[in-house]
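# Close look at the chain arrangement
Listed here are the chains, written in short residue letters.
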Amino acid sequence: MLVRLSIRDIVLIDALDLDVGRGLNVLTGETGAGKSILLDAFSLALGARGDAGLVRSDCAQGQVTAAFDVAMDHPARALLTENGLDASEDVILRRVQTADGRTRAFLNDQPVSAQVLRSVGRTLVELHGQHDERALVDADTHRALLDLFAGHDDLLSATQTTWRAWREAARLLASEEAALEKAMADADYLRHAAEELRALAPDPGEEDDLAGRRQAMMQAEKIASDLQDVLEGVAGSQSPVPQIASLARRLERRLEEMPDLVQPLVSALDRALNALGDAQSATEAAIDATAFDPRELERVEERLFALRGAARKYQAQVEDLPTLAQRFAEDVAGLDLGQSRIEAHRADMEAAFAAYRDAATALSASRHKTAVVLDAAVNGELPALKLEQAQFMTRLDVSEPEGGAADGIDQIVFWVQTNPGTQPGPLMKIASGGELSRFLLALKVSLAGKGGAPTLVFDEIDTGVSGGVSEAIGDRLARLGSQVQVLAVTHAPQVAAKASAHFLIEKSMVNGGERTVTRVAELAPEARREEVARMLAGQVITEEARAAADRLMASRTGSA
């Protein structure tokens, strides 16, 4: 609930700190005293659209701070947590309005967007007035209100869960069907590509291996003729070996004649013959090492050409061809399995839809049953509000499950019939301003204790009604106050007399009469009596008015 409202430099309010308690809190005052200013300021703190005209004259900015004490499991705290804000203490909303039209929003002293501030504000406060088109008169909220009254959270949760499962299953089916349709359009290409790459059978790292082998064979081809020339030179017809051997034998025959002279020459010739023999052996070994089959080179070059041609064709790298071949093979296999997968997805979707249909149907049945109870509760409040000829009715239009949504298959709108024989219609279109406020009050009383915002604000919903109706309104506001915190701006003494706390809004002159300011003060019991008497009698308060005020205030705990 709201515990403190602080306003600085807003229109006629220079400084105001209002401490608010539980129950029914009423705000009264003369016309023009500033009641609307107070509510406009409160709305600003809750995220309403800013307006430079709200800033007090000659001030650069104004600000409004609203502090709330709510349960730890209240939705407002969850919103704070979602936005990375501290949710362990009181929830404090602050809005700064500058004279140039800009605004700044804060939650627990941390800057946030106006949208976040507004989202949190909606969980904390409901504002109701004769012509308020938000809250209860908004048809989009009627389903949520009926569900709140019913308390069938389990049915609603089941419907939402099964709806999400159904939509996800439908999405998967549609995705699979689209994939198969595309695959079928490319079927000929896929089959040809898969077969071509299967026949090519590329291996990982094959290109590098083939390129290395090709390079080696091409180098060997270049050196082979040179090696043959060397072999011919050292061992062929032009070889010097026979001549050197013949010369060595001739000198050996002269060895005994002149050993000292001939022996070195013979040894040198022997070494030359041995060296030529070694050269012949090395050359023959080199020829053997470089020997290759020219057909092998041709085969290697053809394989490289095939691999690189396939890579260009499929716009890939050669090293990626094995993976590409596997993918094409899987796609071709998928053509055969696609239809069976579609049938499996369709079965899943149908099962999910059946679960949603059952959950939504059960929820709809509960809503229809609850609507009867809610209508009876609201209609039971109407006679005391001088709407004894009127009827409140909850209209449910049920769609086919195929067109359902996460919240079910029901379109729910609150309708009213103001007089017998007249045509019923939507609440906002049929009820007049005064009737609308009473219908809303009856509905809100019926919903009391069922959850919702912990603070309700009613802005002059008793305008234009008689004293008897005002008293009935006061009784119901007091009953609401026993469940939630209620703030009511009123001109009716019958309503003011029912309050747990009474605040007087009035204007006064300051600075020697140079400036007008609005003040708000909580009234003590005797001052309350005087204010209620003033509301009854006008400016001249008589003893009769005071006695009447006593009687009204004494009936505060009464019921309609």
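The rules behind the values
- All residue numbers here refer to positions counted from 1 along the written sequence of the relevant chain.
- Only residues with pLDDT of 70 or above have their local features reported here, since the model is predicted, and side-chain atom pairs are shown and tallied only from 80 upward, although totals for entire chains, interfaces and linings are computed over all residues.
- Heavy atoms from the whole structure form the basis of all side-chain values; hydrogens and water molecules are not counted.
- Helix and strand definitions follow DSSP, with helices as H or I runs of at least four residues and strands as E runs of at least two, each counted in order from the N terminus.
- All radius of gyration figures rest on C-alpha atoms, and the globule criterion is 2.2 Å times the number of residues raised to 0.38.
- Here's how the labels work: a residue is buried when its accessible area is under 20% of the maximum for its type, exposed when over 50%, partly exposed in between, all with a 1.4 Å probe on protein chains only.
- Under the counting rule used here, the positive set is Lys and Arg, the negative set is Asp and Glu, and His together with the chain ends is not counted.
- Lysine's charge is taken at NZ, arginine's at CZ, aspartate's at CG and glutamate's at CD.
- We call two residues in contact whenever any of their non-hydrogen atoms come within 4.5 Å of each other.
- Paired strands, as defined in this entry, are two strands with at least two bridges between them according to DSSP.
- Note on geometry: axes are C-alpha line fits, over the in-contact stretch for helices, and angles between N-to-C directions span 0 to 180 degrees.
- Expected helix span is taken as 1.5 Å per residue step, with the number of steps being one fewer than the number of residues.
- Residues enter patches when they are more than 30% accessible in relative terms and free of salt bridges; like-charged ones are connected within 9 Å and nonpolar ones (Val, Leu, Ile, Met, Phe, Trp, Tyr) within 5 Å.
- All accessible-area figures derive from a Shrake-Rupley calculation using a 1.4 Å probe, and residue coverage is judged against the displayed protein chains alone.
- Counted as salt bridges are all cases of a side-chain nitrogen of Lys or Arg within 4 Å of a carboxyl oxygen of Asp or Glu.
- For this analysis, a ring pair means two rings from Phe, Tyr or Trp (six-membered ring only for Trp) whose centres lie within 6.5 Å, classed as stacked if their planes differ by under 30 degrees, edge-to-face if by over 60, and tilted for the remaining angles.
- By the criterion adopted, a ring carries a charge over it if an Arg CZ or a Lys NZ lies within 6 Å of its centre and within 35 degrees of its normal.
- Cavities and pockets are found on a 1 Å grid laid over the protein atoms alone: a cavity is a set of points where a 1.4 Å probe fits but cannot escape, a pocket is an open set with protein on both sides within 12 Å along at least five of seven lines, and a lining residue has an atom within 4 Å of such a point.
- Grid points are joined across faces, edges and corners, and a volume is the space filled by probe spheres set on the points.
- Any residue that is not Ala, Val, Leu, Ile, Met, Phe, Trp, Tyr, Cys, Pro, Asp, Glu, Lys or Arg is counted as polar, Gly included; the first ten are nonpolar and the last four charged.

### Observations regarding the overall build of the protein chain
Within the protein chain one finds 17 helices and 15 strands. For the protein chain, the C-alpha radius of gyration of 49 Å lies well beyond 24 Å, the compact-globule estimate for 560 residues. For the C-alpha atoms alone, the extent of the protein chain along its principal axes is close to 175 × 65 × 35 Å. By the burial criterion, 43% of the 560 residues in the protein chain qualify as buried. Separation between the mean location of the 59 positive side-chain charges and that of the 86 negative ones in the protein chain comes to 6 Å.

### Brief notes about unusual backbone geometry
For Ala-201, which is not glycine, the phi torsion reads 50 degrees and is therefore positive. You can see Ala-201 is positioned in the loop between helix H6 (187–200) and helix H7 (206–235). Take Ala-201: its relative accessible area is 40%, and that puts it in the partly exposed class. Non-glycine residue Gln-315 carries a positive phi angle of around 50 degrees. Relative to the helices and strands, Gln-315 resides in the loop between helix H10 (294–313) and helix H11 (321–381).

### Considerations on the side chain of His-152
The topology assignment puts His-152 in the loop between helix H4 (142–150) and helix H5 (153–185). Look past the residues within four positions of His-152 in its chain and what remains in contact with it is Asp-147, Leu-363, Ser-366 and Arg-367.

### A few points about the sheet that holds strand S9 (residues 391–398)
Read across the open sheet, the 3 strands follow the order S9-S10-S11; overall the sheet is antiparallel. Sheet topology places S9 and strand S11 (425–426) at the edges, where each strand pairs with a single neighbour. Of the strand pairs in this sheet, S9 and strand S10 (residues 410–417) are connected by 8 bridges, and their pairing is antiparallel. When the bridges of S10 are listed, Arg-395 appears paired with Val-413. Each of S9 and S10 is contacted by H4, which is oriented at about 90 degrees to S10, the strand it contacts most.

### Focus on helix H14 (residues 467–481)
Between its terminal C-alpha atoms H14 stretches 21 Å, which fits the 21 Å expected from 15 residues at 1.5 Å a residue. Inspection of H14 places Val-469, Ser-470, Ala-472, Ile-473, Gly-474, Asp-475, Arg-476, Leu-477, Leu-480 and Gly-481 among the buried residues, and these make up the whole buried set.

### Re the pairing of S10
Of all the 8 residues making up S10, 6 are buried; the element is thus mostly covered by neighbouring parts of the structure. Where S10 lies against S11, 2 bridges are found, and the strand directions are antiparallel. Residue pairing in the sheet places Trp-415 in a bridge with Pro-426 of S11.

### A look at a negative patch on the surface
Together, Asp-69, Asp-86, Glu-89 and Asp-90 make up a region of like negative charge exposed at the surface. On the basis of relative accessibility, which here comes to 34%, the residue Asp-90 falls in the partly exposed class.

### Re the pattern of salt bridges
For the coordinates displayed, the defined rule picks out 35 salt bridges. The salt bridge involving Arg-254 is made with Glu-257; its shortest N-O contact spans 3.3 Å. Through salt bridges with shared partners, a single ionic network connects Arg-4, Arg-8, Asp-17 and Asp-19.

### Thoughts on the pairing of strand S2 (residues 13–19)
When strand S1 (residues 2–10) meets S2, the two strands line up antiparallel, connected through 6 bridges. Bridged to Arg-8 within S2 is Ala-15. Hairpin connection from S1 to S2: 2 residues lie between these consecutive antiparallel strands, with Val-11 at a positive phi of about 50 degrees.

### Remarks on the packing of aromatic side chains
Under the counting rule described, the total for this entry stands at 5 aromatic pairs. Taking the centre distance of 5.2 Å and the plane angle of 20 degrees together, the rings of Trp-166 and Tyr-356 count as stacked. Here the residue Trp-166 occupies a position in helix H5, and Tyr-356 occupies one in helix H11, the gap between them amounting to 190 residues. Overall, the relative accessible area of 7% leaves Trp-166 in the buried class. Through a chain of ring-to-ring contacts, the aromatic side chains of Trp-166, Phe-353 and Tyr-356 assemble into a single cluster. Across from the ring centre of Phe-106, 4.1 Å away, lies the NZ or CZ of Arg-94, which sits over that ring. Taking NZ or CZ as reference, Arg-327 lies 5.3 Å from the ring centre of Phe-328, over its face.

### A short note on empty space enclosed by the protein
Counting across every chain of the model gives 3 cavities of 30 Å³ or more. The volume enclosed by the largest cavity comes to roughly 60 Å³. For the largest cavity, the full set of lining residues is Lys-444, Leu-447, Ala-448, Gly-449, Gly-451, Ala-453, Leu-456, Leu-480 and Val-484. Taken together, the residues of the lining of the largest cavity break down into 6 nonpolar, 2 polar and 1 charged. The volume enclosed by the second largest cavity comes to roughly 40 Å³. Contributing to the lining of the second largest cavity are Leu-5, Leu-18, Leu-27, Leu-38, Leu-39, Phe-42 and Leu-487.

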